[in-house]
Amino acid sequence: MKRVRARIVVASVAMALTLPVWTSGLGAQATPARPTRVLIVLFDQMVPKYASQFNMPNFRALQGAGTSFKNAYLGYMASETVMAHNVITSGQLPKHMGWTDEAYRDAGNLLGAGAGEMHITGDLSLANYGTLINAENGGTGYPKLADYLHTAFPDKAFIVVGEKSYAVETATAATGDIAVRLSSRKSNVTSDYAVDASGSATGGCRNLYAALDPSTGLPVKGQWRYAFGKNVPSYLLEADANDPTLCGRYYINADKGLDYGTLGSYPAWLYPEEGNRFFPGTDHSAQAGHTGGDTWAADAAIEMIGREDWSGMFVTLGAIDKAGHIWGAQDDAAAFAGDCNDLDLDPAILGANQTHVRCAAENADVQLGKLLDAAAAKDASDGGETLVVLTADHGATYGKAFYGKATLKAGDSNWYYGPSVYDGGCPSACFLETVAYNAPSPALAPLLATGNVQFSYQSTAIETWLTDHSVAKMKTASKAMLKVPGVTAAYWHDGDRFQLFGTRSMTSSERSWWKEHAQEIVDTMAASNGPDVVGLLHDKTSYGVYGDHGGAQESVQRVPMVFWSPSLAFANTTGKPFHTYDIMPTILQLMDIPVTAPLDGVARPID
């Protein structure tokens, strides 16, 4: 299908703490300057109403000072992290970007495990994402934000930082310069800080989380993560400034036993926290502090904002998403014993508070204020102006009607059903998984009874890949899909679109949104690597975990969208259209960078 080159327009979002340094730019200039840098700050699973519901002054201040698109929504399926970070940095819809969701059918054997084999995209490698991108458009690929910035600002870096590997690596792919994310869990411990030839403490790390062996006094069984990725700056891998035998600030506690109460409570036990990967934790007082989660990501970003010569930075903060999955997003109404950031609280209480949506959102807002201050300081020291874009990768809902298994750590097997699927990055680190994802929810029985399911992904929608995906078999599966609990509409893949097979009853609000948006959203997955059959679900319905996303419902599609810079600091809340795939073309227009390849997004005006 022929695609036309998009024009460009812009939108932006950000937040402030208590009128920090960045607010000095709130007096708009008469003539907007061309920004020389762009800082994208993404709150993973940020539901727009959280900004007013919780104590988020930075978010509200930036929203009020810039252009805020109050009716913004993704405009595509799947509403997933592994999709959004590439959509944002490419301006492409999923059907044109190389993969369409958490699962990928490798029809052309691009990853080398065999033609037609299924892969879980969240576990692909950085190189794999580059391979899939470069295979598009007949093997010419498509340019991303990093490429455009490199053309406009040669020798300046494009940097991505966050907790999640797939969030960081999909945004980085082949042409991003620096990618920093948390490593996998390590457990080797020595008596002293040690690094390998690459500068990483993989040879052993004496840290604050290791228990002491009473017979030797040496640490044992420490579990930790560190700054890992592509061209990780050496200053993020240094030893502790006060004690060179200890791991430095960017090494954090990854103890699987540190669950802050999430392992013992439903619905949290479906997807419990393990260590300080997503939440700050309670290691704030010892040495330089080894806080994790969004605090870790923001601190690493701030180091790079000040030390690197960059034209683009994408900071992705994952804690709200983890908390929303654990406790049910908008349904998380926990009462706290003390404030979210009261460091004088009992560590067990402080840690438990952090796992909830309110505390995750409020801490993310604190990090936003720090990032905005750092950007303002960069502008003051190096000149130029930073454009700030504040958004989310998807919204969320909760499972008032929950059809997944309710057993301990059932999240992955609720989300994924596949008797034979490749996990990990191919070819070197992937493996054929035949057990872990072969324990489906009983609610899927009508679909599985067809005997033709190669793979199925369940969240707030059901997407199914068939072994035999002839038209007749897709229609058979669609008929079965309409018998699956919670399904409101079933579609089958037909070339560059999906055909509606049938519907079931909906509420008036569900039907209104469905009639206006469902076909548009579902069609964005129409690619050879995508699902053969799609089932949309009722609002407040989930299969994966209690708080979830992925589908086409309004609550998982709505996202905040704000654009701000010192020269664009005028309040403008608009109801004009905006989709997530419009972000890159809007950035390019604001930075006066010409578009040179087809885009699905268009530039949206700030006026």
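Details of the structure are given in the entry above.
Here we summarise the structure given alongside this text. (Residues numbered from 1 in each chain as written. Predicted model: local features only at pLDDT ≥ 70, side-chain atom pairs only at ≥ 80, totals over all residues. Heavy atoms only, no water.)

Regarding the side chain of Asp379
Okay, so step 1: Assignment of secondary structure puts Asp379 in helix H12 (residues 357-382).
Okay, so step 2: For Asp379, the contacting residues outside a window of four places in its chain are Arg37, Gly384, Glu385 and Thr386. (Helix = DSSP H or I, 4+ residues; strand = E, 2+ residues; numbered from the N terminus. Contact = heavy atoms within 4.5 Å.)

Notes on the sheet that holds strand S2 (residues 67-69)
In a beta sheet, neighbouring strands pair by backbone hydrogen bonds and run either parallel or antiparallel.
Okay, so step 1: The nine strands lie next to each other as S10-S6-S5-S12-S1-S13-S26-S2-S27, forming an open sheet whose pairing is mixed. If you trace the sheet from one side to the other, it starts and ends with strand S10 (227-230) and strand S27 (572-574), each paired once. Neighbour-to-neighbour, the strand axes of this sheet turn through a mean angle of 15°, independent of strand direction.
Okay, so step 2: The pairing of strand S1 (residues 37-43) with strand S12 (residues 310-317) spans six bridges and is classified as parallel. Bridge pairing links Ile40 to Phe314 in S12.
Okay, so step 3: The sheet strands contacting helix H7 (residues 145-152) are S1, strand S5 (157-162) and S12, and the helix crosses S5 at an angle near 145°. (Pairing = 2+ DSSP bridges. Axes fitted to C-alpha atoms, helices over the stretch in contact; angles between N-to-C directions.)

Remarks on unusual backbone geometry
Okay, so step 1: Of note, the bond from Tyr266 into Pro267 is cis; its omega dihedral lies within 30 degrees of zero at 5°.
Okay, so step 2: Phi is positive for Lys540, which is not a glycine, with a value near 55°.
Okay, so step 3: As for its position among the elements, Lys540 is in the loop between strand S23 (533-537) and strand S24 (541-542).
Okay, so step 4: Classification of Lys540 as partly exposed rests on a relative accessible area of 37%. (Buried < 20%, exposed > 50% of the residue type's maximum accessible area, 1.4 Å probe, protein only.)

Remarks on the side chain of Gln557
Okay, so step 1: Positionally, Gln557 belongs in helix H17 (residues 554-557).
Okay, so step 2: Note on Gln557: relative accessible area 0%, which makes it buried.
Okay, so step 3: Setting aside residues up to four positions removed in sequence, Gln557 forms contacts with Ala72, Tyr73, Leu74, Gly75, Tyr76, Ser79, Trp513, Ile521, Gly551 and Ala552.

Examining the nonpolar core
Okay, so step 1: Grouped together as the largest cluster of nonpolar side chains are 141 residues, with contacts concentrated most on Phe43, Met77, Phe563 and Ile587.
Okay, so step 2: Among the elements that line this core, the one with the most residues is H12, at nine residues. (Core = buried A, V, L, I, M, F, W, Y, C linked by side-chain atoms within 4.5 Å.)

Topic: the packing of aromatic side chains
Okay, so step 1: All chains considered together, the criterion is met by 19 aromatic pairs.
Okay, so step 2: A centroid spacing of 5.9 Å and a plane angle of 20° characterise the contact between Tyr226 and Tyr251, whose relative ring orientation is stacked. Remark: Tyr251 occurs in the loop between S10 and strand S11 (252-253) and Tyr226 occurs in the loop between strand S9 (224-225) and S10; sequence separation between them is 25 residues.
Okay, so step 3: When the centroid spacing of 5.2 Å and the interplanar angle of 85° are considered together, the rings of Tyr271 and Trp415 count as edge-to-face. With Tyr271 in the loop between S11 and helix H9 (293-307) and Trp415 in helix H13 (residues 411-415), this residue pair connects regions lying 144 residues apart in the sequence.
Okay, so step 4: The class for Trp415 is buried, based on a relative accessible area of 6%.
Okay, so step 5: The rings of Tyr416, Tyr437, Phe455, Tyr457 and Trp465 are connected pair by pair, giving a single aromatic cluster.
Okay, so step 6: Lying over the aromatic face of Trp310, Arg37 brings its terminal NZ or CZ to 5.8 Å of the ring centre. (Phe/Tyr/Trp six-rings, centres within 6.5 Å; stacked < 30°, edge-to-face > 60°. Lys NZ or Arg CZ within 6 Å of the ring centre and 35° of its normal.)

Overview of the pattern of salt bridges
Okay, so step 1: Summed over the entire model, instances satisfying the criterion amount to 15 salt bridges.
Okay, so step 2: One salt bridge connects Asp309 with Lys156, and the closest N-O pair in it is separated by 2.7 Å. Note that Asp309 is positioned in the loop between H9 and S12 and Lys156 in the loop between H7 and S5, a separation of 153 residues in sequence.
Okay, so step 3: For Arg558, the salt bridge goes to Glu554, with nearest N and O atoms at 3.1 Å.
Okay, so step 4: One network of salt bridges, with partners in common, ties together Asp44, Lys164 and Asp321. (Salt bridge = Lys/Arg side-chain N within 4 Å of Asp/Glu carboxyl O.)

Section: helix H2 (residues 57-65)
Okay, so step 1: Taken as a whole, H2 has its buried residues at Asn58, Phe59, Leu62 and Ala65. One side of H2 carries all its buried residues, which in axial view fall inside an arc of 140°. (Arc of directions from axis to C-beta.)

Some words on the state of the cysteines
Any covalent bond linking the sulfur atoms of two cysteines counts as a disulfide.
Okay, so step 1: Here the structure, examined in full by the defined rule, presents two disulfides.
Okay, so step 2: There is a disulfide in this structure between Cys340 and Cys359, and the S-S distance comes to 2.1 Å. Measuring handedness by torsion sign, the sulfur bridge of Cys340 and Cys359 sits at about -85° and is left-handed. Here Cys340 is found in the loop between helix H10 (319-327) and helix H11 (347-354), whereas its partner Cys359 is found in helix H12, with 19 residues between them in sequence. Each member of the pair, Cys340 as well as Cys359, carries the same accessibility label: buried.
Okay, so step 3: Each sulfur of the disulfide joining Cys426 and Cys430 lies 2.2 Å from the other. Linking Cys426 and Cys430, the disulfide has an S-S dihedral of approximately 105° and is accordingly described as right-handed. Like Cys426, the residue Cys430 is buried in the burial classification. (Disulfide = S-S within 2.5 Å.)

Overview of the packing of H9 against H12
Okay, so step 1: Contact pair H9 / H12: the axes reach a minimum separation of 10 Å and the direction vectors enclose 5°. The angle between H9 and H12 places the two elements in the roughly parallel class. Of the residues in H12, those touching H9 at Asp294, Thr295, Ala298, Asp299, Ala301, Ile302, Ile305 and Gly306 are Ala360, Asn363, Ala364, Gln367, Lys370, Leu371, Ala374, Ala375 and Lys378.
Okay, so step 2: Grouping the amino acids of the contact of H9 with H12 by side-chain chemistry returns nine nonpolar, four polar and four charged. (Parallel < 35°, antiparallel > 145°, perpendicular 65-115°, else oblique. Nonpolar A, V, L, I, M, F, W, Y, C, P; charged D, E, K, R; others polar.)

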